[in-house]
Amino acid sequence: MSEAAAGSRWRGPALGLLVVVVLLGLVLSSANLRQLLIAAAAQVTVLSVTATLPAQLAATLLCAAALLVLRPGVGFWGCLGSRVLRDASGNLPVSLPGFSAAVGARALVLAGGETRAAISASALDKTAEIAGQIPFILLAAVVLWREWQVPFSLPARWPLIVTGLAAAAMAALWVWSRFGAGSRLAVRLVAEWRKFASEARRQRAGLPASTFLHAIAWLTGGVQVWMVAGALGFELSLFEAIAVESAAYAGRAVFFFIPAGLGTQEAGLVAAGLVFGLSPEQALAIGLVLRLRDVLLAAGLVLWPLLEWRRRQFS
């Protein structure tokens, strides 16, 4: 491997790690944010983390079924393994947009699928997932637009504003470097488009069903927030929990270029939590529980080397 190729290979993770370091630096530089984080962490319990697991399992099974209806060339267990690896890699603090989808496609190949079918199905699955999230993003937008007022005493307004502006600037640079006219990726996408078009036409018949299953899976995220709130002793109805979770993942979707949605997910939780009577500490406590759940899900990455080894043994 050439030095240029090696440098390109590590550029993405290095950029993701830089974003994480900057965000952590902003948090640690603010006494108010440090106190808020400590107060939130003090409320987290083991029970609250385990309360997320039943609904999370249901969501993972639904997402595997949503992938299966797109006919990726493997059975349900292969789709389930793909989803587990995709979710695990998507929560890594050094991942970048597209990384988790690439991991999911690779898992389909390792499960016996054909490469082009796996990539096409993964791309359509991501499309269906985004489409299934749209109603919940709209719900979050309506709730925040109609009812949320920023309290003057909200801690560390300026660090949050600076973080948002810096994130937007990084997004613009990333998009231009990856998709700008004449970029290597743009040229390759044009060359590959016709090859994938026929495969996508075969698979897109399952897109409506996949979108519906993803919408139900997104709904289980609100159930998780509701279960966590109950375990922590917070008063939050199921509808309110769905709205709070929608705001969290709407922020994560808008700032998709930030690895694992660090900071943006928590900001959405705090913003929506204020609407429904949660203090910033309580909303952030829910956010920390969801992050601990993600840490548990990241354990699914151990499947990757096992699948790679299995493929080499039997290929």
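Worth saying up front: this structure is predicted, and the values here are computed from it rather than measured. In this numbering scheme, every chain counts its residues from 1 along its sequence in written order. Local features in this predicted model are restricted to residues of pLDDT 70 or higher, and side-chain atom pairs are both shown and tallied only at a pLDDT of 80 or more, whereas totals for entire chains, interfaces and linings draw on every residue. Side-chain metrics in this entry use all non-hydrogen atoms of the structure; hydrogen atoms and water are not considered.

Focus on the overall build of the chain
Helix and strand assignments come from DSSP, with helices taken as H or I runs of at least 4 residues and strands as E runs of at least 2, each series counted from the N terminus. A tally of regular secondary structure across the chain gives 14 helices and zero strands. Reading the chain from its N end, one meets helices and strands in the order α-α-α-α-α-α-α-α-α-α-α-α-α-α. The contact rule is simple, with two residues in contact once any of their heavy atoms fall within 4.5 Å. Look at the contacts in the chain between residues 6 or more apart in sequence, and 76% of them connect residues 24 or more apart. Carbon together with sulfur atoms contributes 70% to the accessible area of the chain, which is approximately 16,600 Å² in total. Surface accessibility in these figures is a Shrake-Rupley result with a 1.4 Å probe; residues are shielded only by whichever protein chains are displayed.

Observations regarding the nonpolar core
Definition of nonpolar core: a set of buried residues of the types Ala, Val, Leu, Ile, Met, Phe, Trp, Tyr and Cys, connected through side-chain atoms within 4.5 Å. Remark: exposure states derive from per-residue accessible area (1.4 Å probe, protein chains only) relative to the maximum for the residue type, with buried under 20%, exposed over 50%, and partly exposed in between. The biggest cluster of nonpolar side chains holds 32 residues, and the ones touching the most others in it are Val225, Leu232, Phe234, Leu236, Phe276 and Ile286. Elements with a contribution of two residues or more to this core: α2 (31–41), α7 (115–147), α10 (207–232), α11 (238–254), α12 (264–275) and α13 (280–297). A total of eight residues in this core trace back to one element, the largest contributor, which is α11. Within the second largest apolar cluster, nine residues are counted, among which are Ala64, Leu80, Leu108 and Val109.

Some details on the pattern of salt bridges
A pair is scored as a salt bridge if a Lys or Arg side-chain nitrogen falls within 4 Å of a carboxyl oxygen belonging to Asp or Glu. Applying the stated criterion across every chain yields a total of eight salt bridges. Across the salt bridge formed by Arg291 and Glu266, the nearest N and O atoms sit 2.6 Å from each other. In this pair, Arg291 sits in helix α13 while Glu266 sits in helix α12, placing the two residues 25 residues apart along the sequence. The pair Arg291 / Glu266 is uniform in exposure class, with both members buried.

Quick look at the packing of aromatic side chains
Think of it this way: a Phe, Tyr or Trp ring, Trp meaning its six-membered ring, pairs with another when their centres are within 6.5 Å, and the plane angle makes it stacked under 30 degrees, edge-to-face over 60, tilted otherwise. Evaluated as defined, the whole model comprises two aromatic pairs. The interplanar angle of 75° and the centroid separation of 5.9 Å between the aromatic rings of Phe76 and Trp77 together place this pair among those described as edge-to-face.

Topic: the environment of Gly277
On the secondary structure map, Gly277 appears in the loop between α12 and α13. Between the alpha carbons of Gly277 and Glu235 there is a distance of 8.3 Å; along the sequence they are 42 residues apart.

Quick look at the packing of α10 against α13
Under this scheme, a helix contributes an axis fitted over its contacting stretch, all axes are lines through C-alpha atoms, and angles between N-to-C directions fall in the 0 to 180 degree range. Following both chains from N to C, one finds α10 and α13 inclined at 115°, their axes separated by 10 Å at the closest point. α10 and α13 meet at a crossing whose hand is right-handed. Contact residues: Gln224, Val225, Val228, Ala229 and Leu232 in α10; Ala285, Ile286, Val289, Leu290 and Arg293 in α13. Here a crossing is called left-handed whenever its near helix is offset anticlockwise from the far helix by less than a right angle, and right-handed whenever the offset is clockwise.

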